[in-house]
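Letter by letter, the chains look like this.
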Number of protein chains: 2
Amino acid sequence: MVQKNFKCDNCIENKDSVFNVLTPQEKEQLLKSHTCTFFKKGDIIFKEGDRPSGLICLSEGKVKVFKEGVGGREQIIRMAKPFGFIGYRALFAGGNYISSAVAIEDCTICVVEKDILIRLIRTNGDLSLGIIQAFASELGFSNSRTVTLTQKHIRGRLAESLIFLHDTFGYEQDDATLKVYLSREDIANLSNMTTSNAIRTLSTFASEGVISIDGRKIKVMDHYKLQRISDLG
Amino acid sequence: MVQKNFKCDNCIENKDSVFNVLTPQEKEQLLKSHTCTFFKKGDIIFKEGDRPSGLICLSEGKVKVFKEGVGGREQIIRMAKPFGFIGYRALFAGGNYISSAVAIEDCTICVVEKDILIRLIRTNGDLSLGIIQAFASELGFSNSRTVTLTQKHIRGRLAESLIFLHDTFGYEQDDATLKVYLSREDIANLSNMTTSNAIRTLSTFASEGVISIDGRKIKVMDHYKLQRISDLG
DNA sequence: TTATCTTTGTGTTATAAAACACAATTACAA
DNA sequence: TTGTAATTGTGTTTTATAACACAAAGATAA
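### Observations regarding the protein's contact with DNA strand C
- As a matter of local geometry, DNA strand C sits amid 17 residues, with Arg184 and Arg200 of chain A together with His153, Ile154 and Asn197 of chain B nearest to it.
- Counting only the atoms of DNA strand C that lie within 4 Å of the protein, the sugar and phosphate share comes to 68%.
- In the model, a phosphate oxygen of DNA strand C is placed 3.1 Å from a nitrogen or oxygen of the arginine 216 of chain A side chain.
- Taking isoleucine 154 of chain B, its main chain carries an N or O atom lying 3.1 Å from a phosphate oxygen of DNA strand C.
- Looking at the surface near DNA strand C, the elements with two or more residues in it are helix H7 (184–191) and helix H8 (195–207) of chain A together with helix H6 (154–169) and helix H8 (195–207) of chain B.
- Broken down by element, the surface near DNA strand C gets its largest block of residues, 4 residues, from H8 of chain A.
- Looking at the surface near DNA strand C residue by residue, the class counts come to 3 nonpolar, 8 polar and 6 charged.

### Here we look at the sheet that holds strand E6 (residues 74–80) of chain A
Residues and elements named next belong to chain A.
- An order of E3-E8-E5-E6 is seen for the 4 strands of this open sheet, with the pairing classed as antiparallel. Strand pairing shows two members of the sheet lacking a second neighbour, strand E3 (44–46) and E6, which therefore form its edges. Each strand of the sheet is rotated relative to its neighbour by a mean of 30 degrees, with strand direction disregarded.
- Pairing of strand E5 (residues 63–68) with strand E8 (residues 100–103) involves 4 bridges; the strand directions are antiparallel. Pairing of lysine 64 across the sheet is with valine 102, part of E8.
- Running over the sheet, H7 touches E5 and E6 and is turned about 95 degrees from E6.

### Focus: the protein's contact with DNA strand D
- The environment of DNA strand D is made up of 17 residues, and the closest members are Ile154 and Asn197 of chain A together with Arg184, Arg200 and Arg216 of chain B.
- Near the protein, within 4 Å, the atoms of DNA strand D are sugar or phosphate in 67% of cases.
- Residue asparagine 197 of chain A places a side-chain N or O atom 2.4 Å away from a phosphate oxygen belonging to DNA strand D.
- Within the contact set of DNA strand D, a phosphate oxygen lies 3.0 Å away from a side-chain nitrogen or oxygen of arginine 216 of chain B.
- Listing elements by their share of the surface near DNA strand D, those giving two or more residues are helix H6 (154–169) and H8 of chain A together with helix H7 (184–191) and H8 of chain B.
- When residues of the surface near DNA strand D are assigned to their parent elements, the largest contribution, 4 residues, is made by H8 of chain B.
- Classifying every residue of the surface near DNA strand D by side-chain character gives 3 nonpolar, 8 polar and 6 charged.

Conventions adopted
- As a convention, each chain's residues are numbered from 1 in the sequence order in which they are written.
- Chain letters start at A and ligand numbers start at 1, both assigned in the order the entries are written.
- Residue-level local features of this predicted model are given only where pLDDT is at least 70; pairs of side-chain atoms are given and counted only at 80 or more, and the full residue set underlies all totals for whole chains, interfaces and linings.
- Hydrogens and water molecules were not included; the side-chain quantities draw on all heavy atoms of the structure.
- Any residue with at least one heavy atom within 4 Å of a molecule or strand is counted as near it.
- As used in this structure description, the phrase polar contact means that two N or O atoms lie within 3.5 Å; if the pair is within protein, one of them must be able to donate a hydrogen and the other to accept it, and residues adjacent in sequence are counted only when both atoms belong to side chains.
- Runs of E in the DSSP output that reach at least two residues are strands. Runs of H or I that reach at least four are helices, and both are numbered from the N terminus.
- Residues are grouped as follows: Ala, Val, Leu, Ile, Met, Phe, Trp, Tyr, Cys and Pro are nonpolar; Asp, Glu, Lys and Arg are charged; all remaining types, including Gly, are polar.
- Any two strands with at least two DSSP bridges between them are considered paired.
- Between N-to-C directions, angles cover 0 to 180 degrees, with each direction set by a line fitted to C-alpha atoms, over the stretch in contact for helices.
- Only heavy atoms enter the contact rule, under which two residues are in contact if any of them lie within 4.5 Å.

Here's what the structure looks like:
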């Protein structure tokens, strides 16, 4: 974890940012009160029980957010890419983190001080509404996941995860290869299954021509079929 | 669904309300712009796909909020009692409802117009923060549920549900009987299991002296043991 | 370069929980 | 009040998936 003293303006200035509604002066406050840090692949950014210090924005790299369940079994509940936020739930709920975040690629994150953020929310109604809307979407996602992870069968769960990975990270230039390279274990932890079953089911999908696999590179060959497997459950 | 033209001030004025931070004038606006409605036990308050018209507050009765999953199988994701809100996620996310709400007792609900609410959020920072905090808590709950419903075994899931019912609705005067009377099917749909298994496992708990059952009346005899079953998974 | 650890892959066994089938009871409506 | 439907309860069978065991390939470090 190396401190860097550059400004990663993108976290605040990118076109999809909730901070777009801020005035130039307000943005300036944020830019002044943020710190940037570098994390190596595999590093823990925060873990269950830690106290949140501020709003974390991912400037570079990818992150998995997970909870540990029965017997330490890991369930991935979110994945983040630039310029998404992580750990904001605990920040606003007031307590400590109830999930952990680990870099799945080398990452740069920047942290905005909590006090500054709260002050901005209090004074800028549009920012408030943006944050409320973000939470509402995230809650909808979480509720949907609860149902599909409990009700769908292995094939449906894995298919849904692959679609989720596409929705989140998109494809490479070939318009087919998922732009994220996860271990089979991570794919399993995302899909609520054992690593063996993730491996096995990925192989089955490949033999059915739905995807093709080359190490951690997953190519979606038949998006429609994948969607159908996901929908069937 | 009978229209009633009384004012159910409690939704806005009760001591735990997020609206407590409003000025008297702001409260007056809310009171003027709300409508109250009566629902019989079993009535649908809203269902998946409906468009939210305003913020729904439960003034009397109890409500289950659920999603339909694979093959129409119902998963209860929330339960509400006075003076809790329901359906606010869709309201703020902007789309239609992705869950349904059904009265499990005769209910009175009041609805605050969306526009008024948005206007208040825009101008009152403390209200914004209160709503953001409510969302953050709810999201934490949902994430935790995802993990326990997928990872815990039947006994653990049922035990957790009973504890949840206690946390939400409390005990009767005897300090042991759950203050909510659900069908075995609802208990099953809350705990992600079949009705048969809910019935069976409740019986087992009773024979172990953890609870005692009399129809839909569930008495918690050994709260510590119940917590242990839940924790073990 | 070799040794060690991690990840991937595959076959087999064990088991938790669903699915099914059918009483018995209770609620409800005609 | 009698018939019908819904709910509760229990035993049996089936099945999806975890658990286990081990081999092969790759990555990592000494």
